[in-house]
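Each chain, written out:
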Amino acid sequence: MHTVLIAKEKFRLKIFRNIIIFIVIIAISVLGIMAYKYSKNISLLKKDFSVVGVPYGFVFDMEQEFSPDMKLNQGVISVYDENTRSFAAFGHPIIEDDNYMPQEAVVLSFIGENSGQFAGKVTRNTFVGCFGEFVSEYVPPIYKKMKLMYPNDIKEGKATLLMLDDTNTLKEYESTLSFNEEGFPLLISVDDKDFKGASKGASGSVVLQDGKITAIVCAGNKGENADVFYGITAYEVVENMTK
């Protein structure tokens, strides 16, 4: 009897030890993941990204022959990493017929003397935007180099919307940024009297706050509310761009 009790006790201790080891392994794994995310957060926030902020033409039908009247999706390339030549655009996915999300696209310059020039390719089409790379021979227009705003540091109040005016010039428009309880997390209301409405293909336009890249426009309104836009955090977009 005594021998059986000892065996049972040893068995219980073995199970308890294994449980402790399992918990320790899980804890170490979680801490490792947290440390990796923290280090990535720090590196993203310390880095300068180039704000592009102007629209481009995107050809998602890779079998389509190039011609002046070919089908183009127009959207803004928001930010650009000069070290990797990677960019983020749209702030939302491109969905074709039958809910199909094509993953590749050719990118053409859309503004200025070099309109129609081959600029790069999209390699990922996601729910927070399209990501790709500029080709080495193409030099995109750079508005400014700026740092990212961490999502927890975003506050309601004054902000600046970058968007083309009717002369295809990138302008700063005084705006108010607020949190949105339903749908897209950020609401951008343009207060600037010079604002005459969104340019075509404005998805991907950049919102600044306190001199940092804060939000990316991904939807807008028509009619009386044409000066109100919806956005997501720029940090989320750039984090996906650097994956």
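Remember, predicted model here, so these are calculated numbers, not experimental data.

**Considering the pairing of strand β10 (residues 186–190)**
With four of five residues buried, β10 is to be regarded as a mostly interior element. Sheet topology note: the strand β9 (residues 170–179)/β10 ladder contains five bridges and is antiparallel. By the bridge assignment, Ser178 is partnered in β10 with Leu187. The antiparallel pairing of β9 with β10 creates a hairpin that spans six residues between the two strands, and Gly183 there sits at a positive phi of about 75°. Taken together, the four bridges between β10 and strand β13 (residues 228–233) define a ladder with antiparallel strand orientation. The partner of Leu187 across the bridge, within β13, is Tyr230.

**Concerning a nonpolar patch on the surface**
Nonpolar side chains collect at one region of the surface, where Ile15, Ile19, Ile20, Phe22, Ile23, Val24 and Ile26 lie side by side and expose about 610 Å² of accessible area between them. Relative to the helices and strands, Ile20 resides in helix α1 (residues 2–46).

**What about the pattern of salt bridges?**
Under the defined criterion, the tally for this structure stands at four salt bridges. In this structure, the salt-bridge partner of Asp81 is Lys47, at a minimum N-O distance of 2.6 Å. You can see Asp81 sitting in strand β2 (residues 73–81) and its partner Lys47 sitting in the loop between α1 and β1 (49–59), a full 34 residues away along the chain. In this structure Asp81 comes out as buried when scored by relative accessible area, which is 3%. For Lys47, a relative accessible area of 24% corresponds to the partly exposed category. The salt bridge partner of Asp48 is Lys147, with a shortest N-O separation of 3.0 Å.

**Regarding the sheet that holds strand β11 (residues 206–209)**
Around the barrel, which closes on itself, the six strands sit in the order β8-β9-β10-β13-β12-β11 with antiparallel pairing between neighbours. For this sheet the average axis-to-axis angle between neighbouring strands, irrespective of direction, equals 40°. Across four bridges, β11 lies against strand β12 (residues 212–220) in antiparallel orientation. Paired with Val207 across the two strands is Ala215, which belongs to β12. Strands in contact with helix α2 (residues 234–241) are β12 and β13; relative to β13, the strand with the most contacts, it is inclined by about 50°.

**Comments concerning the confidence of the model for the protein**
A residue-level look at the protein finds 84% of positions with pLDDT of 70 or above and a mean pLDDT of 85. The secondary-structure element of the protein with the lowest mean pLDDT is α1, recorded at 65, while β11 shows the highest, at 97.

**Observations concerning the nonpolar core**
Core analysis: the largest hydrophobic core is formed by 21 residues, its most contacted members being Phe49, Leu148, Val206, Ile213, Val238 and Met241. Of all the secondary structure elements, the ones that give two or more residues to this core are β1, β11, β12 and α2. Residues in contact with Ile213, not counting those within four places in the same chain, are Phe49, Val51, Val79, Met146, Lys147, Leu148, Met149, Val206, Val207, Leu208 and Ala234.

**Looking at the environment of Phe60**
Structurally, Phe60 can be placed in the loop between β1 and β2. With relative accessibility at 6%, the residue Phe60 sits in the buried group. Measuring from C-alpha to C-alpha, the distance between Phe60 and Met101 comes to 9.4 Å, with 41 residues separating the pair along the chain. Once residues within four sequence positions are removed from consideration, Phe60 is found in contact with Asn73, Ile94, Glu96, Pro102, Glu104, Ala105, Asn125 and Cys130.

Quick notes on the rules
- Residues numbered from 1 in each chain as written.
- Predicted model: local features only at pLDDT ≥ 70, side-chain atom pairs only at ≥ 80, totals over all residues.
- Heavy atoms only, no water.
- Buried < 20%, exposed > 50% of the residue type's maximum accessible area, 1.4 Å probe, protein only.
- Helix = DSSP H or I, 4+ residues; strand = E, 2+ residues; numbered from the N terminus.
- Pairing = 2+ DSSP bridges.
- Patch = residues over 30% accessible without salt bridge, like charges linked within 9 Å, V, L, I, M, F, W, Y side chains within 5 Å.
- Areas by Shrake-Rupley, 256 points an atom, 1.4 Å probe, with all protein chains shown as cover.
- Salt bridge = Lys/Arg side-chain N within 4 Å of Asp/Glu carboxyl O.
- Axes fitted to C-alpha atoms, helices over the stretch in contact; angles between N-to-C directions.
- Contact = heavy atoms within 4.5 Å.
- pLDDT = per-residue confidence, 0-100.
- Core = buried A, V, L, I, M, F, W, Y, C linked by side-chain atoms within 4.5 Å.

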